[in-house]
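Now for the letters of each chain:
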Amino acid sequence: MAAMDPGEEHTRFIEWAQSNGVNINGIAPAQFKDRGMGIVAATDIKKGDRIVHVRNTSLITVAQREIQALEFPTKTSIHARLAAYFALQHSKDGCQHRPWQDVWPSQDEFKDILPLHWSKQLQDLLPHAAAVLLTAQRSNLERDYLSIHAIHPSISRDLFTYVWLIVNTRTFYWEYPDLPNAHPRLPKKRPQLTADDCYAMCPFMDYFNHSDQGCDPKADAKGYSVTADRVYKAGEEVYVSYGSHTNDFLLVEYGFILDSNGCDSLPLDHLILSQLSSDQVQVLKEDGFYGSYTLSPTTPTLCYRTQAVVRLLTLPSRRYTAFVSGTDEGTGDQGKVNEYVIGLLVKYKRQIMEIVEEVDGLKTGVDVTTGQKDALLRRWKQVRAIVKTGIDVLSS
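Keep in mind it's a predicted model, so treat the numbers as computed, not measured. (Residues numbered from 1 in each chain as written. Predicted model: local features only at pLDDT ≥ 70, side-chain atom pairs only at ≥ 80, totals over all residues. Heavy atoms only, no water.)

K.L.:
Would you explain the overall build of the protein in this entry?
P.N.:
Within the protein, the secondary structure is distributed over 15 helices and 13 strands. Against the compact-globule benchmark of 21 Å for 396 residues, the protein has a radius of gyration of 24 Å, which places it among compact chains. Projected onto its principal axes, the C-alpha coordinates of the protein cover approximately 70 × 50 × 45 Å. Scored against the burial criterion, the 396 residues of the protein give a buried share of 48%. The long-range fraction of contacts in the protein, counting pairs at least 24 apart against all pairs at least 6 apart in sequence, stands at 68%. About 19,700 Å² of surface is accessible on the protein, with carbon and sulfur atoms providing 49% of the total. (Helix = DSSP H or I, 4+ residues; strand = E, 2+ residues; numbered from the N terminus. Rg over C-alpha atoms; globule rule 2.2 N^0.38 Å. Buried < 20%, exposed > 50% of the residue type's maximum accessible area, 1.4 Å probe, protein only. Contact = heavy atoms within 4.5 Å. Areas by Shrake-Rupley, 256 points an atom, 1.4 Å probe, with all protein chains shown as cover.)

Below is the structure:
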């Protein structure tokens, strides 16, 4: 896909970034038709070339004195603190991050691509896994807004939602390697840090688009770097990997899906959990096998947890016990397990066909944009393909 000149505001931002601790080597931001911003090779790049480095002092984290000075209550999430900081900076005269903020996605862009802003009609048509993720996202946003509104009532809900989504879509994982273990500016004692505590906003690196196979960003005490994972020709887009994420996750959290995603899968909980008796639920919880059942378009098609729960549903309890204890690999029972799952998938495939027809028939306008409809339709067709592949593999 041809890349276009991104415009003057991006040129200004690059100059600002380079004067603020960002080293850029052989790459440049570019605008892609119908796909937003990304990074292209400005010249031929060799595998192993370091193409960008963001100095640790250029990162925005809650360990910064400016954010610590806001004195948030202890229970305020790291996500909320960063969002509040940017909200307070947003309209301030002489804001030091203005050139960066000027190249962020707009509120209107978020409203088009992120399911959080979609109409209820569209949200109700999301695949089950995406709907679960959206519910959790909405709950986290509401929790964070209420905690910030209590101490900064001047921040409007609209502005907070916008900057909260900026943080949500543009942070990198950062374990504060530049700070000693007992440093007072760590959000928690180092052994207690979780992924939700390790957020960093990374100027320039947030230009990169995601691919399931791309450059792997690396962090150390000096900052964040991206090294070329292969040879790139001038003009070719350079991707990074955000992690092993399904397309449901990418849609809800970032507002896009990949046409080809080796990490994609289909959660089966909504098909299986309703089949369990209360006694079976108790057994699975005691054994650590309750929930998180997955169908994959690649081998193995059924995850081990799914293999276990279906055995409990279809076989004598001793066969289930032998399987989960590891005394029997369950090969002799595999046909019955596959047959049961095929039955669930065939029934679900009929439901998917009805949903695809409903989405395809939606009229576009104020409540449903063409982009939203297309994304939802594409995702359901991907789900249908995963189900079809599952049926074919389990039937063979």
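K.L.:
Sorry if this is basic, but what is going on with the environment of Ala131 here?
P.N.:
With respect to the helices and strands, Ala131 occurs in helix α7 (residues 128-149). As for Ala131 and Ala84, which are separated by 47 residues in sequence, their C-alpha atoms are 27 Å apart.

K.L.:
In this structure, what is going on with the pattern of salt bridges? I would like to understand it.
P.N.:
Proximity of charged atoms lets side chains of opposite charge pair with each other. Evaluation of the coordinates by the stated rule reveals 14 salt bridges. Between Arg379 and Asp264 there is a salt bridge, with the nearest N and O atoms lying 2.8 Å from each other. You can see Arg379 sitting in helix α15 (residues 370-395) and its partner Asp264 sitting in the loop between α9 (247-254) and β12 (266-267), a full 115 residues away along the chain. Judged by its relative accessible area of 0%, Arg379 falls in the buried class. In this structure, the salt-bridge partner of Arg319 is Asp333, at a minimum N-O distance of 3.1 Å. One end of the pair, Arg319, is in helix α13 (residues 317-325); the other, Asp333, is in the loop between α13 and α14 (334-360), with 14 residues separating them in the sequence. The exposure class assigned to Arg319 is partly exposed, which follows from its relative accessible area of 24%. Judged by relative accessible area, which is 12%, Asp333 ranks as buried. It is possible to trace a salt-bridge network through shared partners that takes in Asp248, Asp264 and Arg379. (Salt bridge = Lys/Arg side-chain N within 4 Å of Asp/Glu carboxyl O.)

K.L.:
Just to check I follow, could you spell out the nonpolar core for this structure?
P.N.:
Soluble, globular proteins show a tendency: their nonpolar side chains are buried together. Judged by nonpolar contacts, the single largest core of 115 residues is most densely connected at Ile27, Val52, Phe204 and Phe208. Those residues in contact with Phe208 that sit more than four places away from it in its chain are Ile27, Ile39, Ile51, Val52, Val226, Val238, Tyr239, Val240 and Tyr242. (Core = buried A, V, L, I, M, F, W, Y, C linked by side-chain atoms within 4.5 Å.)

K.L.:
Would you mind showing me how to read the packing of α7 against helix α8 (residues 157-170) here?
P.N.:
How two helices sit against one another is set out by the angle between their axes and by the gap between those axes. Viewed as axis vectors pointing N to C, α7 and α8 meet at an angle of 125 degrees, and their least axial separation amounts to 11 Å. The angle between α7 and α8 falls in the class oblique. Where α7 crosses over α8, the handedness of that crossing is right-handed. Residues Gln137, Asn140, Leu141, Glu142, Asp144, Tyr145 and Ile148 of α7 pack against Arg157, Phe160, Thr161, Trp164 and Asn168 of α8. Looking at the contact of α7 with α8 residue by residue, the classes come out as five nonpolar, four polar and three charged. (Axes fitted to C-alpha atoms, helices over the stretch in contact; angles between N-to-C directions. Parallel < 35°, antiparallel > 145°, perpendicular 65-115°, else oblique. Left-handed = near helix turned anticlockwise from the far one by under 90°. Nonpolar A, V, L, I, M, F, W, Y, C, P; charged D, E, K, R; others polar.)

K.L.:
Any chance you could explain unusual backbone geometry here in plain terms?
P.N.:
When glycine is set aside, most residues are seen to have a negative phi, and most peptide bonds are trans. Here the amide bond leading from Thr299 into Pro300 is cis, since omega sits at -5 degrees, within 30 degrees of zero. By the element assignment, Pro300 lies in the loop between β13 (294-295) and α12 (304-314). Positive phi, close to 50 degrees, is recorded for Glu71, a residue that is not glycine. Along the chain, Glu71 falls in the loop between α2 (65-68) and α3 (78-90). A residue is classified by how much of its surface remains accessible, and Glu71, at 67% relative accessible area, is exposed. The phi dihedral of Tyr176 is positive, around 55 degrees, even though this residue is not glycine. When you line up the elements, Tyr176 lands in the loop between β6 (171-173) and β7 (199-201).

K.L.:
Whenever I open this one, the side chain of Gln372 confuses me. Can you help?
P.N.:
In this fold, Gln372 is placed in helix α15. Of note is the side chain of Gln372, whose polar atom sits 3.2 Å from the backbone oxygen of Lys111. Polar side-chain contacts of Gln372 include one of 3.1 Å to the backbone nitrogen of Thr369. Excluding residues within four positions of it along the chain, Gln372 makes contact with Lys111, Asp112, Trp118, Leu122 and Asp367. (Polar contact = N/O pair within 3.5 Å; in protein donor to acceptor, adjacent residues only side chain to side chain.)

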